[in-house]
Structures are given as C-alpha cells and as structure tokens.
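Residue-level listing of the chains:
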Amino acid sequence: MTILRTLAAAAALAAAPVTMAWAQSGPPPGCTEAQHDDFDFWLGTWNVYAPDDGPYQGRNTIVKSQGGCLITERWEGAGGSTGESLNAYDPLAGAWRQVWVSPGNFIDYTGGLDAAGAMVLEGEIFYPGNGTRAAFRGSWTLRDDGTVRQHFQQQGADGEWTDWFTGIYVRVEEDPRADEAEAARRG
C-alpha cells in the first residue's frame, strides 16, 4: 500500500508543473481558422419581421464567445415564444452544426455555406409534445441591404417540403421600424 501511495504522489507531482504551466500561459488561442467566421454575418441584435414588410415577429440576439468557437442565439417571439441555439463549426464533421432548443421543439442540423454564401443546414426537428420527427432545413442569407433572410422548411410525410418560418432580420440599431418593434415587445 505504501508503494502505491508513493507512486501516486510522484505522478501527481510530475504532472503539476505541466498543469501549472498551462494555467499560467493563458487560455488557448481559440478558433481562428476562416471557417469559424462563416456565420459572423448573423451576429448582432435583430428585430425580425415577416417578409414583404410584414408584422414584427420577435427579437433575436446572436453573440460569439469561447474564443470565437461558439455562437449562441436567444430568441424572444412577439407572441411569447422563446428558444436558444448553440452553433459551432464542428472540426470532427467538417461542418457547421446548430442545436436549437425551445419548449415546443428540438432541432439538430448541420451544413455550411453554399456557393452563394448562404448558411444552409439540414437535419431533423423533434416535437416532444407528441413525439413527432421530421426532416428539417434552414438557410440564412445575407442580403445586399445588410438584412438577413432566414427560411425554414419541414418535410411532410408525403415527402413535400413546406415553409415553417421565414423572417427578415433587421439590425436593431438600423431598423427604421424600431418604434413599431418596441411597441410590439411591450405588448
């Protein structure tokens, strides 16, 4: 027993300088490769509207953290819905991945930039209330005016794709309809 304790103590002492050196050298450099910036066009605080100057749908705040490795989303819908997502470039899969969680559904999908520069993800949506699953896809497209078009579709049992949500993202600080959005947020 004494030999085991001595070996364990020696191993702990040998590892201590490595652990202490890493802790003293500061955090790792983070995610600095170009693909980690693919989704940066979506960062910011946005008022979201239905297409064609439609009504206010909600506010979405998207921030980057963890040394540029993680993008988090926090949605507050005009009707009281909420949801959050975690987004990251997955180096093991060589693709972007988003996991969305809300009280009404769970979405897990992967993908990347298409030839036009839109982020396109495909995967599955799950509705915990009734146990239903369906193929799901989403796209985020930066438009010439600086807004972002978000478009989601769900595949039905018949194999047909139908629109699930389309929103036009306008940066809060640039939103000409900001008063309308704020009034809707206050109820």
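To be clear, the structure that these remarks concern was listed above.
The structure presented is a predicted model; accordingly, all values stated were derived computationally and were not measured.

Some points on the state of the cysteines
According to the stated counting rule, one finds 1 disulfide in the structure shown. Linked covalently through their sulfurs, Cys-31 and Cys-69 form a disulfide whose S-S length is 1.8 Å. Classification of the bridge connecting Cys-31 and Cys-69 rests on its S-S torsion, roughly 100°, and on that basis the disulfide is right-handed. Of this pair, Cys-31 sits in the loop between helix 1 (2–24) and strand 1 (44–49) while Cys-69 sits in the loop between strand 2 (56–65) and strand 3 (70–77); the two residues are 38 residues apart in sequence, bridging distant segments of the chain.

Some words on the nonpolar core
Counting 23 residues, the largest nonpolar core has Phe-39, Trp-42 and Trp-140 as its most contacted members. Elements with a minimum of two residues in this core: strand 1, strand 3, strand 5 (95–101), strand 6 (106–113), strand 7 (119–127), strand 8 (132–142) and strand 9 (148–155). Non-local contacts of Trp-140, meaning those with residues more than four positions away in its chain, are made with Phe-39, Phe-41, Trp-42, Gln-98, Tyr-109, Ala-118, Met-119, Leu-121, Val-148, Arg-149, Gln-150 and Phe-152. With 5 residues, the next largest nonpolar core counts Tyr-49, Tyr-56, Ile-168 and Val-170 among its residues.

Basis of the calculations
Residues numbered from 1 in each chain as written. Predicted model: local features only at pLDDT ≥ 70, side-chain atom pairs only at ≥ 80, totals over all residues. Heavy atoms only, no water. Disulfide = S-S within 2.5 Å. Helix = DSSP H or I, 4+ residues; strand = E, 2+ residues; numbered from the N terminus. Core = buried A, V, L, I, M, F, W, Y, C linked by side-chain atoms within 4.5 Å. Buried < 20%, exposed > 50% of the residue type's maximum accessible area, 1.4 Å probe, protein only. Contact = heavy atoms within 4.5 Å.

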